[in-house]
Amino acid sequence: LLQQTWGTIAVVELLLMGSIVALLVLDEPLVGLTPFWLTRPYATGSLVRSKVLLAAVLVVLLPLIADLVTMSLFSAGPGALVKAGATSAFTYTSWMLTLMLLATLTPSLAGFVLAALGVATALSVLRAAFVGFASIWTRPPAYTLPVPRDIVTPVAVMMAMYLCTALA
């Protein structure tokens, strides 16, 4: 039962994360000529920092604590908690920054929802096309090469560059 509801919980969590980030970013937009802070003595840097900090607490820290508590209830060891915590923090942070970037680029909540649906649809179609073309254009290899064990480094560097770019 837990395994079957896990997918539904993940979708609901992503939808809540998207709505929190969208409302946080779009309620007081940092771009354009009509924001409230243009006529008041607010520094844009402090407003950006407060939005990112609030999003980090609500969207990264609280779900991370919930994940770690759930794992400790299932008697996970300290090593597993550290590995899963780092992975979860990285995943939540990348989703948060991606959604903040998308919300910054859209003018309204409706535009954000349409853009998110368009991105999700495009990614699904691209994945299906790649899988379909890969099954047509590739043939099974006559021999197998050993898979290197250190394939994490390029992915980690790519994600670190993506996170830094999204944060900037």
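None of these values were measured; they are calculated from a predicted model. (Residues numbered from 1 in each chain as written. Predicted model: local features only at pLDDT ≥ 70, side-chain atom pairs only at ≥ 80, totals over all residues. Heavy atoms only, no water.)

Let's talk about the packing of helix α3 (residues 78–105) against helix α4 (residues 109–137)
Here is the rule we go by: Structural elements are reduced to axes, namely lines fitted to C-alpha atoms, with helices fitted over the stretch in contact, and the angle between N-to-C directions of any two is expressed from 0 to 180 degrees. Elements are defined by DSSP. Helices are runs of H or I of four residues or more, strands are runs of E of two residues or more, and each kind is numbered from the N terminus. Throughout this description, any angle smaller than 35 degrees is read as roughly parallel, any larger than 145 degrees as roughly antiparallel, any in the 65 to 115 degree range as roughly perpendicular, and the remainder as oblique. The sense of a crossing depends on the near helix, which, turned anticlockwise from the far helix by less than a right angle, makes the crossing left-handed and, turned clockwise, makes it right-handed. Whether two residues touch is decided by their heavy atoms; if any such pair falls within 4.5 Å, the residues are in contact. Three classes are used: nonpolar for Ala, Val, Leu, Ile, Met, Phe, Trp, Tyr, Cys and Pro, charged for Asp, Glu, Lys and Arg, and polar for all others, with Gly counted as polar.
Look at α3 against α4: their axes get within 9 Å of each other, and the N-to-C directions meet at 125 degrees. Judged by the inter-axis angle, α3 sits oblique to α4. Here α3 and α4 pass one another in a crossing that is right-handed. Contacts between α3 and α4 involve Leu-99, Leu-102 and Ala-103 from the first element and Phe-112, Ala-115 and Ala-116 from the second. Of the residues in the contact of α3 with α4, the class split is six nonpolar, no polar and no charged.

A word on the packing of helix α2 (residues 44–73) against α3
As a packed pair, α2 and α3 sit with axes 9 Å apart at the nearest point and diverge in direction by 150 degrees. The orientation of α2 with respect to α3, classified from their angle, is roughly antiparallel. Where α2 crosses over α3, the two elements pack in a sense that is right-handed. On α3, the residues touching Lys-51, Val-52, Ala-55, Ala-56, Val-59, Val-60, Pro-63, Leu-64, Asp-67, Leu-68, Met-71 and Ser-72 of α2 are Ala-80, Leu-81, Ala-84, Gly-85, Ser-88, Ala-89, Tyr-92, Thr-93, Met-96 and Met-100. The residue makeup of the contact of α2 with α3, split by class, is 16 nonpolar, four polar and two charged.

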